[in-house]
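# An overview of the molecular structure
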Amino acid sequence: MSTESFHSIEPTPKALERIAVLSGQQSSNQFRVYVTGGGCSGFQYGFKFDPEIAADDDVQHFDKVAILVDALSYPYLFGSKLDFVEDLGGSRFIINNPNAKTTCGCGESFAI
C-alpha cells in the first residue's frame with residue numbers, strides 16, 4: 001500500500017512568494033483556493049485568506065504559508081497549477097486547470 005499523498009493543486013514559486021507577501025497584511029497565512037458556481041462559463045475560482053481549517057480540507061504546508069482546498073472544490077482543482085502573473089491585464093492569481101473543457105476570455109471561470 002502506498003503512503004504517497006495527493007494534493008489537488010500545485011503552486012508555482014511565484015504564487016507562493018506572493019501569498020507569503022500578502023499574508024503579512026492578513027490575520028492568517030492560510031490561503032484558500034476554491035470553486036463556486038457562477039461566472040460566464042459555469043464555475044469560477046475564488047481565493048481568500050482563511051484562519052479556519054475544515055476537517056475535510058486538503059492542506060498543503062509550505063515554508064511560510066499553507067494552501068487549503070475544500071472537499072467540494074478538490075475534484076475540480078485536482079491536477080491544477082496555481083500561478084501569480086503581472087502583465088498588462090494587471091496582477092492576479094491564475095489557475096491552469098487540466099480538467100476545464102472551456103474557459104472564459106478572462107480566465108476566471110470555466111466549465112467541466
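Report on the accompanying structure.

Let us now look at the pairing of strand E2 (residues 30–37). Where E2 meets strand E5 (residues 66–69), three bridges bridge the pair, whose relative direction is parallel. Within E5, the residue paired with Phe-31 across the bridge is Ile-67. Here E2 pairs with strand E3 (residues 43–49) via seven bridges, running antiparallel. Among the inter-strand pairings, Phe-31 is bridged to a residue of E3, identified as Phe-49.

The pairing of strands in a sheet comes from backbone hydrogen bonds and takes either a parallel or an antiparallel form. Sheet architecture is open: three strands sit in the order E1-E6-E7, paired in mixed fashion. Among the strands making up the open sheet, the edge pair consists of strand E1 (9–11) and strand E7 (90–96). Strand-to-strand, the axes of this sheet are offset by a mean angle of 30 degrees, without reference to chain direction. By the bridge criterion, seven bridges tie strand E6 (residues 80–87) to E7 in an arrangement that is antiparallel. In the strand pairing of E7, Leu-82 is matched with Ile-95.

A few words on the packing of aromatic side chains. A ring pair, where both rings are aromatic, is described by two values, the distance of the centres and the angle of the planes. In total, this model carries seven aromatic pairs according to the counting rule given. When the centroid spacing of 4.8 Å and the interplanar angle of 40 degrees are considered together, the rings of Phe-43 and Tyr-76 count as tilted. Of this pair, Phe-43 sits in strand E3 while Tyr-76 sits in helix H2 (residues 74–77), and the two are 33 residues apart along the sequence. Among the residues examined, Phe-43 registers a relative accessible area of 24% and is labelled partly exposed. By relative accessible area, which is 28% here, Tyr-76 ends up partly exposed.

Conventions and cut-offs
Residues numbered from 1 in each chain as written. Predicted model: local features only at pLDDT ≥ 70, side-chain atom pairs only at ≥ 80, totals over all residues. Heavy atoms only, no water. Pairing = 2+ DSSP bridges. Helix = DSSP H or I, 4+ residues; strand = E, 2+ residues; numbered from the N terminus. Axes fitted to C-alpha atoms, helices over the stretch in contact; angles between N-to-C directions. Phe/Tyr/Trp six-rings, centres within 6.5 Å; stacked < 30°, edge-to-face > 60°. Buried < 20%, exposed > 50% of the residue type's maximum accessible area, 1.4 Å probe, protein only.

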